[in-house]
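Structure assessment
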Amino acid sequence: MVGERIRHPDITSYHTEAARIDDVSDWLDHYDERLPQMIGHTQTHPPGPILYYMFWNRWFGPEAGADAGGLFLALLGGLAIPLVYITAKRATGKPTARSRRRWPGRRFRR
């Protein structure tokens, strides 16, 4: 599912443009000239995201490259959760908050 969305040119055009690259150095040398022919928002963004998917495509192929690149970004984004928690805890100096109230279902257990 992630790969399908990444491969779809209307959702993200980075993978679509990455699949068109044959020679990386030539592509980068003429990047500014190629911008008008590119699709979607790749026309207004730097080449980094396109090169990111080109890397995954070369390593796994276009189909699996889209899946791997998307899953890696999802995992990388998920790492932000514990990092934000740790940073907030250190910045505020407060221990983790714990509820002193009993859970509603707990009073029915005996």
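Counting restarts for each chain, with residues numbered from 1 along the sequence as it is written. Local features in this predicted model are restricted to residues whose pLDDT is 70 or higher, and side-chain atom pairs enter the listing and the counts only when it is 80 or higher, whereas totals over whole chains, interfaces and linings include all residues. Only hydrogens and water are removed before side-chain values are computed, so all heavy atoms of the structure are retained for them.

1. Thoughts on the overall build of the protein
Note the threshold: The helix and strand labels rest on DSSP assignments: H or I over at least four residues marks a helix, E over at least two residues marks a strand, and numbering proceeds from the N terminus. Exposed residues in this analysis have more than 50% of their type's maximum accessible area, buried residues have under 20%, and partly exposed residues fall in between, with area computed by a 1.4 Å probe over protein chains only. Contact criterion: two residues are considered in contact whenever any of their non-hydrogen atoms come within 4.5 Å of each other. In short, Shrake-Rupley with a 1.4 Å probe defines the accessible areas, and a residue's cover is counted only from the protein chains shown.
Of regular secondary structure, the protein possesses seven helices and zero strands. Going from N to C terminus, the protein has its helices and strands arranged as α-α-α-α-α-α-α. Residue burial in the protein is summarised as follows: out of 110 residues, 22% are buried. Pairs at least 24 residues apart make up 48% of the contacts formed inside the protein by residues separated by at least 6 positions. Surface accessibility of the protein: about 8,600 Å² in total, with carbon and sulfur atoms responsible for 60%.

2. Section: helix α5 (residues 48–60)
Test applied: Helix span, expected: 1.5 Å multiplied by one less than the number of residues in the helix.
Here α5 spans 19 Å end to end across 13 residues, near enough to the 18 Å set by a 1.5 Å rise per residue. Once α5 ends, the next one or two residues include Gly61, with phi positive near 95°.

3. Observations regarding the pattern of salt bridges
Filter applied, for reference: By salt bridge we mean one thing: a side-chain nitrogen of Lys or Arg within 4 Å of a carboxyl oxygen of Asp or Glu.
Overall, the coordinates contain four salt bridges when judged by the stated rule. Its salt-bridge partner being Arg7, residue Asp67 comes within 3.8 Å of it at the nearest N-O pair. Residue Asp67 is located in helix α6 (residues 62–78), and its partner Arg7 is located in helix α1 (residues 2–7); the two are separated by 60 residues in the primary sequence. Judged by its relative accessible area of 32%, Asp67 is partly exposed. The partner of Asp26 in a salt bridge is Arg34, with the nearest N and O atoms 2.9 Å apart. Each member of the salt-bridge network shares a partner with another, and the members are Arg7, Glu63 and Asp67.

4. Points about the nonpolar core
Selection rule: Only buried residues count toward a nonpolar core, which is a set of Ala, Val, Leu, Ile, Met, Phe, Trp, Tyr and Cys residues joined through side-chain atoms within 4.5 Å.
Ile6, Tyr14, Ala18, Ile21, Trp27, Tyr31, Met38, Ile50, Tyr53, Met54 and Ala66 together form the largest nonpolar core, which totals 11 residues. Those elements that provide at least two residues to this core are α2 (14–19) and α5. Trp27 has contacts with Ile21, Arg34, Met38, Pro47, Ile50 and Leu51, leaving out every residue within four places of it along the chain.

Worth remembering: the numbers are spatial, not functional.
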